[in-house]
Amino acid sequence: MIKCWRLDDERQSLVLGSQDGRLAEVVYWGARLPDDENLETIYRGNQIDVTGGTLDANPELSVCPEASRSFPGQPGLVLHDASGEPLLPKFRFSAETVSENAVSLSFRDETNGLNYTASFAITPATNIIEATAVLETDEPTHLHWLSAPVFSAPQLSDEMLDFSGRWCGEFQMNQIPWAPGMRCRENRTGRTGHEHFPGLLVPCRGATNTSGDVYAFHYGWSGGHQMTAEELPDGRRQVQFGHASGIESAPGTHFETGTLHAVYSGEGINGCAVAFQRHLRDRIVTFPRPGRARPVHYNCWEAIYFNHNLPELKTLADEAAELGAERFVLDDGWFRNRDDDTRALSDWYVDSRKFPDGLGPLIDHVHMRGMSFGIWFEPEMISSDSDTFRKHPDWALGEEDQIPGRQQRVLNMALPEVRDYLFERIAAVLEDHAIDYIKWDHNRVLPQPDAMQTRGSYQLIDRLRHAYPQTEIESCASGGARIDFGILQRTHRVWLSDSNDAIERLSMQHNAAIFLPMAVTGSHVGPRVCHTSGRTIDIRFRAWVAAQRHMGFELDPRELTAEEARVLKEVTTWWKDNRDWMFEADILRLESPDPAVIAEQHLARDGDRFVVFAGKHRSSRQIAPRPLRLTGLTRNAMYRIELRNRGDAPGLSRGDPVLKSEGMTVSGGYLMNQGLTMPWSFPETMWVIEGRLA
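In short, a report on the structure.

On to the overall build of the protein chain. A tally of helices and strands in the protein chain yields 14 helices and 35 strands. Taken over the C-alpha trace, the protein chain has a radius of gyration of 27 Å; the compact-globule value for 694 residues is 26 Å, and the two agree within 12%. The contacts of the protein chain with a sequence gap of at least 6 include a subset with a gap of at least 24, amounting to 69%. Carbon and sulfur atoms form 48% of the exposed surface of the protein chain, whose accessible area is close to 25,900 Å².

Right, here's the structure in full:
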């Protein structure tokens, strides 16, 4: 007997099928099917033939492939009983829960005492499918691996795109050819990681940023993950995501995956990006004040580091306010005995040496200058040279002889007494001061990965969010090492990278926007000489790169020349004038014909306006700029185009392209087929083009 289920939105259909009560499998996922499609026929049409040298039937590529069915690839579940004996599940259908936009299917292994449930939910407004798996056992069991519900991958795909990185070099895209066997990436650092962002794109042959079929995945979990993309000997392909293997340190009777977010697009990578951006912004992040404009940040870290003193901080606040900052963030160094990064983490008391009257005088001054006040914490960490460690050495996670990271250790967040202490200390600071923002850092990897650590961190953040619902939280982890939809259920902004180098930021922001909207992506104007790359970069380029996302400054404003201050004020004013519509805009990747140019288009939700950022990160091979095609416009509509920063054209731009001297009114068809021709420019510059319906 064949039983089938389907989920649909306007762009895609997902069809699940099960035969003879065995585990369901994804038998169709792609462009929207007709409402009257015969699903049993779809199921039967998905079956492949058998031939010589094979089994007499093909094992199902199910939502949890079973070794007991002689599945020839990575199984979806690996576990052992209390004595260490491996269990080979053999599930049979037991129940279903079906609603308009959700399907939950349960299966039972009576012999081993196991219950498995795969759940799928589709959000028509954002086109995202959310999939989770839950395993419940009659007796305590050791879990090694549990995949979120497994999706099949298209065979008309020559490559997959995933993301690697490092400190100050996050979101580097990799192009990996499909081949027989397994592409397995596992992050065992205990946090989301710079190295292995939990995302995957599978473009079909010929797909681009703006057209073609693309399938995309993101795993929303902050404690390390495993991704497997595998081509089986018979040609079928599977994609699995789950927690990193073996991180459930104790036997249990209830296990669940993080949420796997999946989407199909018939409009290239941009279709996936729009879905992820909208879903994260509109469905996952819960902003404390939804109608409040995103404030321009000033963070004092790269101006003074640990050298906190009230007169200097007041001066920085004055200068930042003059430049247009609306939130002042006091970074690391404000708490007791914290004079460098070797000591005092976990001693969350205001340092009376640096602030003899507490933080009140600084906060009052910041408020007087029209800014709100934010503060830095690194709650999950502890210094060996701290009062807290001397009192509670047993609170530190891992062995005594572990390799330290940034000269610090990790608190054991699985311990309720640790979470209670941290809540008490953070709450005391929030209760005593008018603070509306926490920069929450996580500056080292764990000594060993442990799912309980992540759950403990989630519990602490959730408790603080409940107690202080108006306090916004930024997720930072040595930059972008904890960015995922799991942490963003609890936070409101991410620090994409510790690099404020605008050249490096340009590509990082471009790739990260496949998953992250402008609203949550922090980007700051750094110092003239970048502290992490040593490059000297012009203020115009630095400012416009920051203006692509949630804008801020992280420099010493006292070092700015009068011209640099003027430029920064001007770009900041532009950002403030446009941030409300850009908050909800879709960030679209443009097909740049010049590899030296990284270009993107922010298209308003109603389509009536847009801005294009075309950043030139190195010299072009050809002499003149190549035309840049736009996307997502109405072909027969007319648009008024202006080059916002035409005054930045250098002297070597000696011709007279129209945008250099005036605006132009052209059709969407022209903009998408011919494109815009910009003036000549130096490397490390940005053209900013504004468009409106005429």
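It is worth spelling out the pairing of strand S2 (residues 12–19) at this point. Burial runs high along S2: seven of the eight residues are buried. Across seven bridges, the pairing between strand S1 (residues 2–8) and S2 is antiparallel. Each bridged residue has a counterpart across the sheet, and for Asp 8 the counterpart in S2 is Ser 13. Sheet analysis places S2 next to strand S3 (residues 25–31), joined by six bridges and oriented antiparallel. Across the sheet, residue Gln 12 finds its bridge partner in S3, namely Ala 31.

This part takes up the state of the cysteines. Taken as a whole and judged by the stated rule, the model has zero disulfides. Looking at the unpaired Cys 300, the closest cysteine sulfur is the one in Cys 476, lying at 13 Å. On the basis of relative accessible area, Cys 300 is assigned to the buried category, the value being 0%. No disulfide involves Cys 530; its sulfur sits 7.3 Å from that of Cys 168, the nearest cysteine.

We now examine the packing of helix H7 (residues 416–432) against helix H8 (residues 451–467). Remark: H7 packs on H8, axes separated minimally by 10 Å, with the N-to-C direction vectors making an angle of 35°. Classified by chirality, the crossing of H8 by H7 is right-handed. On H8, the residues that touch Arg 419, Asp 420, Leu 422, Phe 423 and Ile 426 of H7 are Gly 456, Gln 459, Leu 460, Arg 463, Leu 464 and Ala 467.

Their axes nearest at 10 Å, the elements helix H4 (residues 310–323) and helix H5 (residues 360–368) cross at an angle of 15°. With respect to H5, the axis of H4 lies roughly parallel. Crossing hand, H4 versus H5: right-handed. Residues Leu 310, Leu 313, Lys 314, Ala 317 and Asp 318 of H4 touch H5, and the partners they reach there are Pro 361, Leu 362, His 365 and Val 366. Of the residues that constitute the contact of H4 with H5, the class distribution is six nonpolar, one polar and two charged.

Attention shifts here to H5. Count 3.6 residues to each turn of an α-helix, and residues three or four apart come out pointing the same way. Of all the residues in H5, the buried ones are Leu 362, Ile 363, His 365 and Val 366. One side of H5 holds all its buried residues, which, seen down the axis, span an arc of 160°. Of the exposed residues in H5, the ones pointing more than 90 degrees away from its buried face are Asp 364 and Met 368. On its buried side, H5 packs onto H4, strand S21 (327–330) and strand S22 (372–377). Just downstream of H5, Gly 370 is the residue with a positive phi angle, here 85°.

Considering all chains together, one arrives at 36 aromatic pairs under this definition. Following the ring pairs from residue to residue traces out a cluster consisting of Trp 29, Phe 120, Phe 151, Tyr 215, Phe 217, Tyr 219, Phe 241 and Tyr 264. Sitting over the face of the ring of Phe 423, Arg 463 holds its NZ or CZ atom 3.9 Å from the ring centroid. Between the NZ or CZ atom of Lys 616 and the centre of the ring of Trp 680, over which it lies, the distance is 5.4 Å.

The next thing to look at is the sheet that holds strand S13 (residues 181–186). Note: strands within a sheet are paired through backbone hydrogen bonds, in either parallel or antiparallel orientation. The four strands lie next to each other as S10-S17-S16-S13, forming an open sheet whose pairing is antiparallel. Edge strands, defined here as strands with exactly one partner in the open sheet, are strand S10 (151–152) and S13. Here S10 pairs with strand S17 (residues 237–243) via two bridges, running antiparallel. Looking across to S17, one finds that Phe 151 is bridged to Val 239.

We now examine the environment of Leu 652. The residue Leu 652 is located in the loop between strand S33 (638–643) and helix H13 (658–661) in this model. The class of Leu 652 is exposed, set by a relative accessible area of 55%. Apart from residues no more than four positions distant in its own chain, Leu 652 is found in contact with Trp 680 and Phe 682.

Okay, unusual backbone geometry next. The phi torsion at Cys 168 lies on the positive side, around 65°, for a residue other than glycine. By the element assignment, Cys 168 lies in the loop between strand S11 (159–164) and strand S12 (172–177). Of note, the phi angle at Arg 406 is positive, near 50°, even though the residue is not glycine. As for its position among the elements, Arg 406 is in the loop between helix H6 (387–391) and strand S24 (409–410).

Below, the discussion takes up the side chain of Thr 141. Topologically, Thr 141 is positioned in strand S9 (residues 128–146). For Thr 141, the side chain forms a polar contact with the side chain of Thr 137, separated by 3.4 Å. Within the structure, Thr 141 has its side chain in polar contact with the backbone oxygen of Glu 139 (distance 2.8 Å). When sequence neighbours within four positions are dropped, the list of residues in contact with Thr 141 reads Leu 79, His 80, Leu 87, Pro 251, Gly 252 and Phe 255.

A sheet is described by the order of its strands in space; here three strands give the open sequence S1-S2-S3, paired in antiparallel fashion. Of all the strands in the sheet, the pair left with one neighbour each is S1 and S3. The mean angle between the axes of side-by-side strands here comes to 15°, regardless of whether they run parallel or antiparallel.

Here is what the cut-offs are and how they apply
- Residues numbered from 1 in each chain as written.
- Predicted model: local features only at pLDDT ≥ 70, side-chain atom pairs only at ≥ 80, totals over all residues.
- Heavy atoms only, no water.
- Helix = DSSP H or I, 4+ residues; strand = E, 2+ residues; numbered from the N terminus.
- Rg over C-alpha atoms; globule rule 2.2 N^0.38 Å.
- Contact = heavy atoms within 4.5 Å.
- Areas by Shrake-Rupley, 256 points an atom, 1.4 Å probe, with all protein chains shown as cover.
- Buried < 20%, exposed > 50% of the residue type's maximum accessible area, 1.4 Å probe, protein only.
- Pairing = 2+ DSSP bridges.
- Disulfide = S-S within 2.5 Å.
- Axes fitted to C-alpha atoms, helices over the stretch in contact; angles between N-to-C directions.
- Left-handed = near helix turned anticlockwise from the far one by under 90°.
- Parallel < 35°, antiparallel > 145°, perpendicular 65-115°, else oblique.
- Nonpolar A, V, L, I, M, F, W, Y, C, P; charged D, E, K, R; others polar.
- Arc of directions from axis to C-beta.
- Phe/Tyr/Trp six-rings, centres within 6.5 Å; stacked < 30°, edge-to-face > 60°.
- Lys NZ or Arg CZ within 6 Å of the ring centre and 35° of its normal.
- Polar contact = N/O pair within 3.5 Å; in protein donor to acceptor, adjacent residues only side chain to side chain.

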